[in-house]
Amino acid sequence: MEETRGKAPWLRRPPMKGEGIASSSRRDSSGGTLMSAEERLRMMRVIQAREMGGSYHEDPYAPHAGAPDQATRKDNNKSSAFTVLLIAVTTVKLLLFTSYRSTDFEVHRNWLAITHSLPMRQWYVDATSEWTLDYPPLFAWLEFCLSHIARFFDARMLKVQNLNYSSPQTILFQRLTVVLADSVYIYAVSEGCRLLTSRLTSRSRNILYSPATVYSLLMLWNVGLLIVDHIHFQYNGFLLGLLQLAVFRVVERRFLAAAFYVSVALNMKHIFLYMAPAFGVYLLRQCCFPNSPHLDIREFNVKNFAALGSIFALVTAIAFGPFAVFGQLPQVFRRLFPFQRGLTHAYWAPNVWALYNGADTALTVLNKRFHFLVQSVQHVADSASSPDNSTLDAVPLVGTEQLKIQSLTGGVVGAGEPNILPAVSPSVTMCLTILGMFPALWSLWRAKVGTPNLASGDVFVRGLVGVTLSSFLFGWHVHEKAILLAIVPLTWLAISSANDARLFLLLSTAGLTGLHPLLFTPSEIPLKYMMIFLYIYAAFKVLKDRFSVVRLPGRRYCLPLLNRIETLYVLGFLPVEFYNAVVHESILGLCTKLPFLPLMVTSMYCAIGVVYVYVLIVIDLFRLSR
């Protein structure tokens, strides 16, 4: 029992009355006895509650000391819960086959046709359709493989000239590929459940609140993926599965496997560049300086560095190699990074630039009324009248000031500029993005080397979320769907920490609500509101019950785990959506005069929540890096 000397006092307890010879062997040198895992967990909960200023309440369903071991039965129950959730969500995906499809459906059909019908050297050159191939080559190879299966469904979908082709067989095939591709995501979720089961102990006999079941529910039923992939149409679940596998390999300190998965994800979709700095810094620190807590350059491990570099170089060479031989790399990169599209997307992603454009629009309207500033708008008028800016609002607005507002709120592409505030260039957004990443990258670089496998995993995931949110908030031409890159890894942290669960609830509410303008057809409007509401309600419910041992004072009228201001913000989505759905068109009749206003209000209000979560994560990173 010498190994117990020096342990914290709360890891020991005094001998209980009635303990005899049988229990004396468990006594340590200080006269106490070692606490059981259950007692130790209970004591840790007490400490957590005290640190948060609350009080601890015993869980009436907690097993008593000396209860028989039921690990095998619990594991079977968890597996059954995962299976039930999986079957249910797969059924919903199948039922969504006939729902609304966005232009992304035609985008991917066209890519199937390009990769099947044209020689490889024309893949990134062909412009028969406006939906040209603009994903990295590894995804083009995936489309090429799928096209050889597609011909058994309907060969006419593989003709480049068949624009906007959508036969029932084509719809069936493309919808099925998304569902089947989600198997990668499902495998990643099962891996997360395995790790959570090994690191966390559930104190409740109710299997619904076990860490693995809560994680399965929040991941498999992620309503953002249901909307974006299985209604709107994309392959984000498959790609986020690769991301999560990379994260879990980092958690397990299997760094070479992590490098492989993140390299594949990057060469599948370049949006993962948002997260690449976090992986690069952490893998470099942990692999190349494994025995150097103080970063001694003499301890640099060249072998590990070469192994990491070789993995990334090999995957990239397989993807881009043929196009390098064709001398087409500049053309490929022009397709991947179309900076001419402008600072913001047609529907502003809920980030800093949504607030920036909203402020500029408000100043423009005020300037029209009070004339406090005279600004030349010739460059905006020229831009709006050019043939490239073909996606302005369908209803024309009258007057120069309206034309300027229209240039920022009206199109999928086009470089509309602010009217009152200074214009923002790609270099400015890049500098702000790097600056916003710095706290997270610094915490990842300072992460202790050689810490236990799962203890260091949370440090990496928190830094990864910080880096991703920085890219989302300050990046150039960010799509609203990119918020899923932060929500999915944050789900992992939400299972083990009440504070991270709070951040997850706020980010999910803002981010997922920010996705609903993607669905605007009458038949999908009730569906999207129901899906988003039920998911957010379920998230609050399961996380509230999971962390019910903490009772925080002064939060009687607050939503679970949130303070009063955060509660007011979340409840504020109700009047915002009521205005968008009812007041704007049916009561005020502004649909023709101000068609962009509901989208602008939604984007700006969601942006406030995303910025708030980012600030809290930065504060946490600075606190933890001390």
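Predicted model, so just to flag it, every value in this text is computed and none were measured.

Undergrad: Describe in detail the overall build of the chain, supporting the description with residues and values.
TA: On a plain count of helices and strands, the chain comes out with 24 helices and four strands. Counting the 626 residues in the chain, one finds 52% classified as buried. In the chain, once contacts between residues fewer than 6 apart in sequence are set aside, the share between residues at least 24 apart is 74%. Summing over all exposed atoms, the chain offers an accessible surface of approximately 28800 Å²; the carbon and sulfur share of this is 65%.

Undergrad: Residue-level account of the nonpolar core, with values.
TA: Formed by 152 residues in total, the largest nonpolar core has its most connected members in Phe279, Leu469, Phe504 and Leu543. Each residue touching phenylalanine 279, except ones within four places of it in the same chain, is listed here: Leu243, Ala246, Val247, Val250, Val262, Phe460 and Leu464. The next biggest cluster of nonpolar side chains, apart from the first, holds seven residues, and it includes Ala354, Tyr579, Leu597 and Met600.

Undergrad: Give me the lowdown on the packing of aromatic side chains, citing residues and values where you can.
TA: Per the stated rule, a full pass over the model turns up 32 aromatic pairs. Ring plane angle 70° and centroid distance 5.5 Å describe the contact between tryptophan 123 and tryptophan 141, whose orientation is recorded as edge-to-face. Of this pair, tryptophan 123 sits in the loop between α4 (103–117) and α5 (137–150) while tryptophan 141 sits in helix α5, and the two are 18 residues apart along the sequence. Tryptophan 141 sits in the partly exposed class, given a relative accessible area of 25%. An aromatic cluster of three or more residues is present, and its members are Phe105, Trp111, Tyr135, Phe139, Phe233 and Tyr235. Over the ring of phenylalanine 326 we find arginine 121; its NZ or CZ atom is 4.3 Å from the centre of that ring. Looking at arginine 285, its charged tip hangs above the ring of tryptophan 445, at a distance of 5.7 Å from the centre.

Undergrad: Go over unusual backbone geometry, please, and point to the residues and values.
TA: A positive phi is found at arginine 253, a non-glycine position, where the angle reads about 60°. Residue position: arginine 253 is located in the loop between α9 (236–251) and α10 (255–268). With phi around 50°, histidine 477 is a residue other than glycine that occupies positive phi space. In this fold, histidine 477 is placed in the loop between α18 (457–474) and α19 (484–494).

Undergrad: Any chance you could break down helix α17 (residues 426–445) for me, citing the residues and the numbers?
TA: Over its 20 residues, α17 extends 27 Å from the first C-alpha to the last, a length consistent with the 28 Å expected when each residue adds 1.5 Å. Its maximal kink placed at phenylalanine 438, α17 deviates by approximately 45°, while the proline proline 439 follows within four residues. Of all the residues in α17, the buried ones are Thr429, Thr433, Gly436, Met437, Pro439, Ala440, Leu441, Ser443 and Leu444. Where α17 is buried, its residues contact α11 (276–288), α14 (352–370), α18 and α24 (597–624).

The rules behind the values
- Residues numbered from 1 in each chain as written.
- Predicted model: local features only at pLDDT ≥ 70, side-chain atom pairs only at ≥ 80, totals over all residues.
- Heavy atoms only, no water.
- Helix = DSSP H or I, 4+ residues; strand = E, 2+ residues; numbered from the N terminus.
- Buried < 20%, exposed > 50% of the residue type's maximum accessible area, 1.4 Å probe, protein only.
- Contact = heavy atoms within 4.5 Å.
- Areas by Shrake-Rupley, 256 points an atom, 1.4 Å probe, with all protein chains shown as cover.
- Core = buried A, V, L, I, M, F, W, Y, C linked by side-chain atoms within 4.5 Å.
- Phe/Tyr/Trp six-rings, centres within 6.5 Å; stacked < 30°, edge-to-face > 60°.
- Lys NZ or Arg CZ within 6 Å of the ring centre and 35° of its normal.
- Expected span 1.5 Å × (residues − 1).
- Bend = angle between axes of the 7 residues up to and from the residue.

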